[in-house]
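This is what each chain is made of:
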Amino acid sequence: MQTKLYIDGELTDGSALAIFHNQGQACIAGSRLLLHEAIAPEFLDAFIATARRIRIGQPLDPATQLGPLTSAMHRDRVAAHLKAAMDASATVLIGGAPPEDPSLASGYYLQPTVVKADPESQICQEEVFGPVVTVSTFSTEAEAIAIANGTEYGLGGGLWTADLSRAHRVAAALRSGMVWVNCYKRVNPGSPFGGTGKSGYGREMGFAAMDEYTARKSVWINVDATLPDWYAR
């Protein structure tokens, strides 16, 4: 049952959208992928196949699914993250370089990139802000939660499960301002948007956002004019 969820591609497509949408240049990008060790090989085969199918191209082309990074400076910054990861013994499973298409040579493109890395490594701990996802494995629910909470950031996270009890339990345990279950990057103007740790201050959207523009004030009125005789004469 659980294996079928992975083979069907529902999870792999959702995880791919989480990181590769907008070239990973999103504050809520799902840049760390935590896989149970029992399904990791099967999942990675399907996930990498999904990454290979992503159409890289000009942003104005409706067929494009992955465009360029914002600037040469940012492209070089992402490349520096990848080099540091490889120097620290991480493994690039796919991508890590510009596309081979000569028509894209003048843009700041990077192929969808999947990196197998230790959760404590720099590339897993810092925000790369590019089409780069790190992959780590876990064996227990508690270990997954510890890895997920093991960074200074906590804006958004997601989990995939067929167990509703586990969904609520893990979502409550994640140190994150937003949690998606069996989906990712679903937002609504009526729901607060914000994080924990070093992922910003306050909340946008929803009634919580109104509090950012107001100052609460208490006014106490004595309606019966009876005051206690604190200082008896």
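Now for a look at the structure at hand. Please read all numbers here as calculations on a predicted model, not as lab measurements.

## Quick notes on the overall build of the protein
The helix and strand inventory of the protein stands at eight helices and eight strands. In terms of overall size, the protein is more extended than a compact globule, its C-alpha atoms giving a radius of gyration of 23 Å where 233 residues would be expected to give roughly 17 Å. By principal-axis analysis of the C-alpha atoms, the protein measures approximately 95 × 45 × 35 Å. A total of 233 residues make up the protein; the buried ones form 37% of that total. Within the protein, contacts between residues at least 6 apart in sequence are counted, and of these 58% link residues at least 24 apart. Within the protein, the 24 negative side-chain charges are centred at a point lying 3 Å from the centre of the 19 positive side-chain charges.

## With respect to helix α6 (residues 141-148)
Those residues of α6 lying buried are A144, I145 and I147. Axial view of α6: buried residues confined to an arc of 165°, hence all on one face. Of the surrounding secondary structure, the elements contacted by the buried residues of α6 are β1 (32-36), β4 (132-138) and α7 (164-173).

Cut-offs applied
- Positions within a chain are numbered from 1, following the residues in the order the chain's sequence is written.
- Local features in this predicted model are restricted to residues of pLDDT 70 or higher, and side-chain atom pairs are both shown and tallied only at a pLDDT of 80 or more, whereas totals for entire chains, interfaces and linings draw on every residue.
- For side-chain calculations, the full set of non-hydrogen atoms in the structure is used, while hydrogens and water are omitted.
- Comment: elements are numbered from the N terminus, with helices defined as DSSP H or I runs of at least four residues and strands as E runs of at least two.
- Taken over C-alpha atoms, the radius of gyration is set against a globule rule of 2.2 Å times the number of residues to the power 0.38.
- Burial classification: accessible surface area is computed with a 1.4 Å probe over protein chains only, and a residue below 20% of its type maximum counts as buried, one above 50% as exposed, and the rest as partly exposed.
- Residue contacts are counted whenever heavy atoms from the two residues lie within 4.5 Å of one another.
- None of His or the chain ends enter the tally, which takes Lys and Arg as positive and Asp and Glu as negative.
- By convention, charge coordinates are those of NZ in Lys, CZ in Arg, CG in Asp, or CD in Glu.
- Think of the arc as the fan of directions from the helix axis to the C-beta atoms.

Honestly, it's all geometry; don't read function into it.
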